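Below are the chains, spelled out letter by letter.
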Number of protein chains: 2
Amino acid sequence: MKSLHDMPERPVPARASLDRLFELAEVLGAMMQRGVAEKGLTTARAGALWALFHGGPMTQRALATQLGVTPRNVTGLLDALQEDGLVVREAHPTDRRATLVSLTEKGGSVTSALRDGRDELAALLFADVPADRLDTFTATLAQVTERLRTVGTDGPK
Amino acid sequence: MKSLHDMPERPVPARASLDRLFELAEVLGAMMQRGVAEKGLTTARAGALWALFHGGPMTQRALATQLGVTPRNVTGLLDALQEDGLVVREAHPTDRRATLVSLTEKGGSVTSALRDGRDELAALLFADVPADRLDTFTATLAQVTERLRTVGTDGPK
DNA sequence: GCTACATAGTGAAGTCACTTCACGATATGC
DNA sequence: GCATATCGTGAAGTGACTTCACTATGTAGC
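Residues numbered from 1 in each chain as written. Chains lettered and ligands numbered in written order. Predicted model: local features only at pLDDT ≥ 70, side-chain atom pairs only at ≥ 80, totals over all residues. Heavy atoms only, no water.

1. Describing the overall build of chain A
Alright, step 1. Tallying secondary structure elements over chain A gives six helices and three strands in all.
Alright, step 2. Sequence-ordered secondary structure for chain A, helices as α and strands as β, is α-α-β-α-α-β-β-α-α.
Alright, step 3. Once local pairs closer than 6 in sequence are excluded, the contacts in chain A between residues at least 24 apart make up 43%.
Alright, step 4. Carbon and sulfur atoms form 53% of the exposed surface of chain A, whose accessible area is close to 8300 Å². (Helix = DSSP H or I, 4+ residues; strand = E, 2+ residues; numbered from the N terminus. Contact = heavy atoms within 4.5 Å. Areas by Shrake-Rupley, 256 points an atom, 1.4 Å probe, with all protein chains shown as cover.)

Written as structure tokens, this is what we have:
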């Protein structure tokens with residue numbers, strides 16, 4: 001006996017597209033991880049930096065909400081980031097329970113570098129995709145993402 | 001003082017595309033994890049099942065290579081899968097060091113269900129994308145992935 | 001002003017995916 | 001045969017998560 005799926009898979013037109021999407025997501029993820037590791041970061045920690053970079057100083061709770069993780073987890077992420085001098089915890093001016101987290105100067109420049117890396121990558125990646133085709137591509141991407149989100153709350157798989 | 005990046009970001013045309021790509025990758029990843037969790041699996045374990053489904057019975061070493069992880073890690077993944085009765089380890093017929101891993105019947109049907117879920121998702125996701133546009137989309141996806149792979153070995157970020 | 005309750009952050013403990021290193025059992029080249 | 005490479009696994013460790021319990025503080029309501 002051979003493998004368990006001897007019958008050829010019935011062709012589903014969109015399957016190839018989804019598979020390519022997964023493939024790209026995987027390669028992209030690996031690449032991002034590598035890039036971030038070169039700066040001594042992990043993707044989770046970089047995500048926290050990124051959120052602070054774009055959202056400005058905020059409470060740990062806010063950060064947790066924004067990252068979609070538990071407050072407890074944010075504590076750990078920040079411990080590491082603080083250890084590396086990328087982030088500071090200060091007293092919240094009005095709420096003495098809360099902590100205000102900000103990027104240090106070093107944290108800001110590391111995150112800027114991350115952003116520049118992203119832009120470089122983007123430019124490089126789409127360099128030989130003609131502009132009109134890129135527009136269509138991006139639009140489709142957005143459409144599919146939107147679709148996924150609406151379906152996501154009760155869909156299959 | 002406000003945040004550390006008061007100057008507006010210089011527009012890089014491809015940036016929006018990359019960002020959307022990341023966004024989709026994230027949502028897609030979350031959705032896949034959810035779907036796989038519904039069947040009592042994790043993405044790593046599902047990946048192992050998937051590899052066995054498509055590659056047929058193989059050695060743990062081979063599986064490790066295919067998954068791109070350490071042999072030691074495969075041991076752990078298989079321990080869990082075996083515990084759930086999805087996989088069996090048998091003696092290798094000619095090499096007594098090696099173990100031959102195969103899907104059980106249960107493992108096969110779970111993986112089939114995974115595949116069906118994928119197809120459903122694909123169909124659903126691209127339902128309202130016209131065929132010609134989908135073709136272009138998929139081609140661009142492939143092109144970018146290829147690009148990423150060649151660049152990946154020495155690129156920035 | 002006090003009591004009741006919600007909220008902010010963290011310790012403790014646990015899960016899962018990974019890794020490296022060391023080791024025993026086997027295969028293989030010469 | 002013997003050196004050497006390979007197969008799988010124990011031990012130990014890291015990182016990202018989670019839940020649960022607890023302290024300190026804010027916010028009503030009366």
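2. Overview of empty space enclosed by the protein
Alright, step 1. Here the structure, examined in full by the defined rule, presents two cavities of 30 Å³ or more.
Alright, step 2. Approximately 40 Å³ is the volume attributed to the second largest cavity.
Alright, step 3. Among the elements of the structure, α1 (15-37) of chain A together with α1 (15-38) of chain B are those that each provide at least two residues to the lining of the second largest cavity.
Alright, step 4. A total of four residues in the lining of the second largest cavity trace back to one element, the largest contributor, which is α1(A).
Alright, step 5. Along the lines of polarity and charge, the residues of the lining of the second largest cavity split into seven nonpolar, no polar and no charged. (1 Å grid on protein atoms, 1.4 Å probe; cavity = no way out; pocket = protein on both sides within 12 Å on 5 of 7 lines; lining within 4 Å. Points joined across faces, edges and corners; volume = space filled by probe spheres on them. Nonpolar A, V, L, I, M, F, W, Y, C, P; charged D, E, K, R; others polar.)

3. A look at the protein's contact with DNA strand D
Alright, step 1. If you check the shell around DNA strand D, you find 22 residues, and the closest are T42(A), T70(A), N73(A), R61(B) and R97(B).
Alright, step 2. Between DNA strand D and R96(A) there is a distance of 2.7 Å, counted from a phosphate oxygen to a backbone nitrogen or oxygen.
Alright, step 3. Within the contact set of DNA strand D, a phosphate oxygen lies 3.2 Å away from a side-chain nitrogen or oxygen of R89(B).
Alright, step 4. When residues of the surface near DNA strand D are traced back to their parent elements, those giving at least two are α2 (43-55) and α4 (71-83) of chain A together with α3 (60-67) and α4 (71-83) of chain B.
Alright, step 5. When its residues are assigned to classes, the surface near DNA strand D shows five nonpolar, eight polar and nine charged. (Near = heavy atom within 4 Å. Polar contact = N/O pair within 3.5 Å; in protein donor to acceptor, adjacent residues only side chain to side chain.)

4. Comments concerning the interface of chain A and chain B
Alright, step 1. Taken together, the contact between chain A and chain B spans 66 residues of the former and 66 residues of the latter.
Alright, step 2. Overall, the association of chain A and chain B removes approximately 7000 Å² of surface from exposure, summing both partners, and the carbon and sulfur fraction of that is 70%.
Alright, step 3. For the interface between chain A and chain B, the tally reads eight salt bridges.
Alright, step 4. The closest approach of N and O atoms between D128(B) and R147(A), which form a salt bridge, is 3.3 Å.
Alright, step 5. Taken together, the connections running from chain A to chain B amount to 18 residue pairs in polar contact (both at pLDDT 80 or more).
Alright, step 6. A total of 17 residues in the side of chain A that touches chain B trace back to one element, the largest contributor, which is helix α6 (residues 131-152) of chain A.
Alright, step 7. Within the side of chain A that touches chain B, the residues separate by chemical class into 32 nonpolar, 17 polar and 17 charged. (Buried area = accessible area lost by both parts, 1.4 Å probe. Salt bridge = Lys/Arg side-chain N within 4 Å of Asp/Glu carboxyl O.)

5. Things to note about the relation of the copies chain A and chain B
Alright, step 1. Note on the copies: chain A fits chain B at an RMSD of 0.0 Å, the axial shift is 0.0 Å, and the rotation between them is 180°. Taken together, the rotation and translation describe the operation of a two-fold axis.
Alright, step 2. Most of the interface of chain A is mirrored in chain B, where 100% of its interface residues again form contacts. (Least-squares fit on C-alpha atoms with pLDDT ≥ 70 in both.)

6. Some thoughts on the protein's contact with DNA strand C
Alright, step 1. Looking at DNA strand C, there are 22 residues lining it, with R61(A), T42(B), T70(B), N73(B) and R96(B) nearest.
Alright, step 2. Among the atoms of DNA strand C close to the protein, meaning within 4 Å, 68% are from sugar or phosphate groups.
Alright, step 3. Contact distances for DNA strand C include 2.9 Å between a phosphate oxygen and a side-chain N or O atom of Q60(A).
Alright, step 4. Within the residue set of the surface near DNA strand C, elements represented by two or more residues are α3 (60-67) and α4 of chain A together with α2 (43-55) and α4 of chain B.
Alright, step 5. Among the residues forming the surface near DNA strand C, the class breakdown is five nonpolar, eight polar and nine charged.

7. Here's the deal with the packing of α2(B) against α4(B)
Residue and element names in this part refer to chain B.
Alright, step 1. Where α2 contacts α4, the axes come no closer than 10 Å and their chain directions differ by 85°. Comparing the axis directions of α2 and α4 gives the class roughly perpendicular. Listed contacts from α4 to A44, R45, A48 and L49 of α2 are L77, A80 and L81.
Alright, step 2. Grouping the constituent residues of the contact of α2 with α4 by class yields six nonpolar, no polar and one charged. (Axes fitted to C-alpha atoms, helices over the stretch in contact; angles between N-to-C directions. Parallel < 35°, antiparallel > 145°, perpendicular 65-115°, else oblique.)

8. Notes on the packing of aromatic side chains
Alright, step 1. If you walk through the whole model with that rule in mind, you get five aromatic pairs over all chains.
Alright, step 2. Relative to F137(A), the ring of F126(A) has its centre 6.1 Å away and its plane inclined at 55°; by these criteria the two rings are tilted. Pair noted here: F126(A) is in the loop between α5 (105-125) and α6 and F137(A) is in helix α6, with a separation of 11 residues, a long-range link. Of the two residues examined, F126(A) and F137(A), each falls in the buried class.
Alright, step 3. Three or more aromatic residues link up through ring pairs in this structure, and these residues are F126(A), F137(A), F126(B) and F137(B). (Phe/Tyr/Trp six-rings, centres within 6.5 Å; stacked < 30°, edge-to-face > 60°. Buried < 20%, exposed > 50% of the residue type's maximum accessible area, 1.4 Å probe, protein only.)

9. Let's talk about the sheet that holds strand β1 (residues 58-59) of chain A
All names here are of chain A.
Alright, step 1. Taken in spatial order, the three strands of this open sheet run β1-β3-β2, and their pairing is antiparallel. The sheet terminates laterally at β1 and β2 (87-91), the two strands that pair on one side only.
Alright, step 2. Each of β1, β2 and β3 (99-103) touches α2; the most contacted strand, β3, lies at about 90° to it.
Alright, step 3. Of the strands in this sheet, β2 and β3 touch α4, which is tilted by about 115° from β2. (Pairing = 2+ DSSP bridges.)

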